[in-house]
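# Topology and contacts: notes
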Amino acid sequence: MNHKYRVVVVGMGKRGMHHALAFHANNRFEVDGICDIDPIRLDAAAAKLPDCVKGTDALQVASTVKPDVFCFCTLPNLRSEMIRIGIQSGARLIAFEKPVALNSREGMKIRKMLAASGVKAVVSHQHRYGEHYRKVREIIDSGALGRVHTVYGTATAWMMHNLSHLIDYMRWYNGTAEACWVMGQAAGGGKLSDSHPSPDYIAGFIQFANNVRGVVECGAGAPDVPEVDYWWRKCRIGAQGTGGFAEVLTAGGWRAVTKTGATSGGGCMNYDLDMSPYIQEIADWLDDARKVHPCNFESAYAGFEITMALCRSAVDGGQVALPLTDAADEIEMLRACLVDRKVLPSTPANAREYAGTAANVVGVSS
Ligand SMILES: NC(=O)c1ccc[n+]([C@@H]2O[C@H](COP(=O)([O-])OP(=O)(O)OC[C@H]3O[C@@H](n4cnc5c(N)ncnc54)[C@H](O)[C@@H]3O)[C@@H](O)[C@H]2O)c1
């Protein structure tokens, strides 16, 4: 197929550049417009992406280019406004970054806007393309774990950065089963004022419709992954079954123990490697409606709902049924209940990373 899909990318920071360069490198796409409110970033991006319309106003750039794909990689405070611009521009697909939104009110609004417009959307949970992530899925699919009864994920970084990823891959390892209810706890309010506002620590259980149990924890109280040096990548995600377990470490390969013995292999999260298939599958979905992108919005939204329900449970106590039916601002709910609540970090490294929230961190000496 020779037709190239025309792309606009908004937000030329770290992830915007990853997206723009990956679209540019794929011969099914051409980047025709770029936008950032920061002229220095915009010029730096334009030097790498010549012959583009460039501007500081997303609506103006998108209205001029009329792209097939509207991609935005702004911080999480900007979501529904960009979705509106993407729809208005006539794009057939909107590609954006996790988290889906900062609260269920905005998440539900985005979902309604997308459903009403019929525009496809994908959310960047691209770690799943890593060879080590795929190996775990392969082992699960092979049946070597027997009946999978538990999926789990831990990350030391805070919720709005990493919980979206953890839940997406846990759901993937569990055949994307629906979740029926969750129950959660949260501690520490220091990161509620971050650009990715979050409780310092959140943990909980997920009941999936196929009776698989999800166990997840994210933030200051999450356990170390000593095999991984880089703090931001101390994430462990896996599945346990009647025949053994298999798990991935975001920056430390994979390992499994099954009836035939222990096996392991390499692999490390790598933006360059992971973005390329993620972008290719956007072209595949645009070419053929049956080739639904694995990072499609509805799947990401299911994970997002789990996160929001965990927050509600942490605030209100008890189990929270899914799907959510009413809208709320979960971060504001957490703010009201976590103020002055201290977190107990699980490691000195976690204590350091949450040191900006010193008043909220107790109990660990470095
Ligand atoms: N999928 C992943 O692996 C991954 C990794 C890191 C970050 N992220 C997510 O990507 C998103 C962006 O993170 P980042 O690290 O690239 O942030 P960043 O701060 O590097 O980039 C954001 C850019 O958006 C620009 N911007 C802000 N408002 C704008 C507007 N109205 N119009 C145009 N541009 C605007 C900023 O000037 C900035 O250049 C976040 O949601 C983050 O959680 C995802």
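Throughout what follows, the structure given in this document is the object of discussion. (Residues numbered from 1 in each chain as written. Predicted model: local features only at pLDDT ≥ 70, side-chain atom pairs only at ≥ 80, totals over all residues. Heavy atoms only, no water.)

### Section: the site of the ligand
Around the ligand lies a shell of 26 residues, among which Arg15, Asp36, Arg41, Lys98 and His196 are the nearest. At 2.8 Å from an oxygen atom of the ligand is found a main-chain nitrogen or oxygen belonging to Arg15. Between an oxygen atom of the ligand and a side-chain N or O atom of Arg41, the distance comes to 2.7 Å. Surface burial for the ligand is 83%, taken as the share of its 860 Å² of free accessible area covered by protein chains. (Near = heavy atom within 4 Å. Polar contact = N/O pair within 3.5 Å; in protein donor to acceptor, adjacent residues only side chain to side chain. Areas by Shrake-Rupley, 256 points an atom, 1.4 Å probe, with all protein chains shown as cover.)

### Quick notes on the environment of Pro226
Relative to the assigned elements, Pro226 resides in the loop between strand 10 (213–219) and strand 11 (235–241). Its relative accessible area of 59% is what places Pro226 among the exposed residues. When the C-alpha atoms of Pro226 and Glu178 are compared, they prove to be 32 Å apart, with 48 residues separating the residues in sequence. (Helix = DSSP H or I, 4+ residues; strand = E, 2+ residues; numbered from the N terminus. Buried < 20%, exposed > 50% of the residue type's maximum accessible area, 1.4 Å probe, protein only.)

### Quick word on the packing of aromatic side chains
Counted by the stated rule, this structure contains 15 aromatic pairs. The interplanar angle of 45 degrees and the centroid separation of 6.4 Å between the aromatic rings of Trp158 and Trp231 together place this pair among those described as tilted. One end of the pair, Trp158, is in the loop between strand 7 (148–155) and helix 7 (159–173); the other, Trp231, is in the loop between strand 10 and strand 11, with 73 residues separating them in the sequence. Considered together, Trp158 and Trp231 belong to a single accessibility category, that of buried residues. (Phe/Tyr/Trp six-rings, centres within 6.5 Å; stacked < 30°, edge-to-face > 60°.)

### Re unusual backbone geometry
The linkage connecting Lys98 with the following residue, Pro99, adopts the cis geometry, with an omega of -5 degrees. Summarising the element assignment, Pro99 is placed in the loop between strand 5 (93–96) and helix 5 (104–117). Phi at Asp51 is positive, roughly 65 degrees, even though this residue is not glycine. If you trace the backbone, Asp51 turns up in the loop between helix 2 (39–48) and strand 3 (53–55).

### Focus on the sheet that holds strand 10
Either a parallel or an antiparallel arrangement is found when strands of a sheet pair, and the pairing is made through backbone hydrogen bonds. One open sheet holds the 9 strands; their spatial order is 14-13-12-11-7-10-9-8-15, and the pairing between them is mixed. Of all the strands in the sheet, just strand 14 (261–265) and strand 15 (320–321) have a single pairing partner and so form its edges. As paired strands, strand 7 and strand 10 are joined by 6 bridges and run parallel to one another. Looking at strand 10, one finds that Gly153 is bridged to Val216. In this fold helix 6 (residues 131–142) packs onto strand 7, strand 11, strand 12 (244–249) and strand 13 (254–258), with an angle of close to 165 degrees to the strand it touches most, strand 12. In this fold helix 9 (residues 297–316) packs onto strand 8 (179–187), strand 9 (201–208), strand 10 and strand 15, with an angle of close to 55 degrees to the strand it touches most, strand 8. (Pairing = 2+ DSSP bridges. Contact = heavy atoms within 4.5 Å. Axes fitted to C-alpha atoms, helices over the stretch in contact; angles between N-to-C directions.)

### Let's talk about the packing of helix 3 (residues 58–65) against helix 4 (residues 80–88)
For the pair helix 3 and helix 4, interaxial distance at closest approach is 9 Å and the crossing angle is 20 degrees. By the criterion of interaxial angle, the relationship of helix 3 to helix 4 is roughly parallel. Between helix 3 and helix 4 lies a crossing whose hand is right-handed. Taken together, the residues of helix 4 that come into contact with helix 3 (itself represented by Ala58, Leu59 and Ala62) are Met82, Ile85 and Gln88. Taken together, the residues of the contact of helix 3 with helix 4 sort by class into 5 nonpolar, 1 polar and no charged. (Parallel < 35°, antiparallel > 145°, perpendicular 65-115°, else oblique. Left-handed = near helix turned anticlockwise from the far one by under 90°. Nonpolar A, V, L, I, M, F, W, Y, C, P; charged D, E, K, R; others polar.)

### Quick word on helix 3
Among the residues making up helix 3, those that are buried are Ala58, Val61, Ala62 and Val65. The buried residues of helix 3 occupy an angular sector of 95 degrees when projected down its axis, which confines them to one face. Among the exposed residues of helix 3, those oriented more than 90 degrees off its buried face are Gln60 and Thr64. The opening residue of helix 3 is Asp57, an N-cap whose side-chain oxygen sits 3.0 Å from the backbone nitrogen of Leu59. A positive phi of about 50 degrees marks Lys66, the residue just after helix 3. (Arc of directions from axis to C-beta.)

### Comments concerning helix 10 (residues 330–338)
Residues of helix 10 that are buried include every one of Glu330, Ile331, Leu334 and Leu338, and no others. An end-on view of helix 10 places all buried positions within 95 degrees of arc, on one side of the element. Tucked into the core, helix 10 has its buried residues touching helix 5, helix 7, strand 8 and helix 9. Sitting at the head of helix 10, Asp329 places a side-chain oxygen 3.2 Å from the backbone nitrogen of Ile331. At the C-terminal side of helix 10, Asp340 shows a positive phi close to 70 degrees.

### A closer look at the nonpolar core
Core analysis: the biggest nonpolar cluster contains 76 residues, and Phe70, Ile94, Leu163, Tyr173, Phe297 and Ile306 have the highest contact counts within it. Take this core: its biggest share by element is 10 residues, from helix 9. Those residues in contact with Phe297 that lie beyond four places of it in its chain are Phe96, Val100, Gly107, Ile110, Arg111, Leu114, Ala121, Val122 and Val123. (Core = buried A, V, L, I, M, F, W, Y, C linked by side-chain atoms within 4.5 Å.)

### Observations regarding the side chain of Thr347
As for its position among the elements, Thr347 is in the loop between helix 10 and helix 11 (348–353). Among the polar contacts made by the side chain of Thr347, one reaches the main-chain amide nitrogen of Asn350 at a distance of 2.9 Å.

### Overview of the packing of helix 9 against helix 10
Between helix 9 and helix 10, the shortest axis-to-axis distance is 9 Å and the interhelical angle comes to 25 degrees. Between helix 9 and helix 10, the crossing angle belongs to the class labelled roughly parallel. Viewed along their axes, helix 9 and helix 10 form a crossing whose handedness is left-handed. Taken together, the residues of helix 10 that come into contact with helix 9 (itself represented by Met308, Cys311, Arg312, Ala314, Val315 and Asp316) are Glu330, Met333, Leu334 and Cys337.

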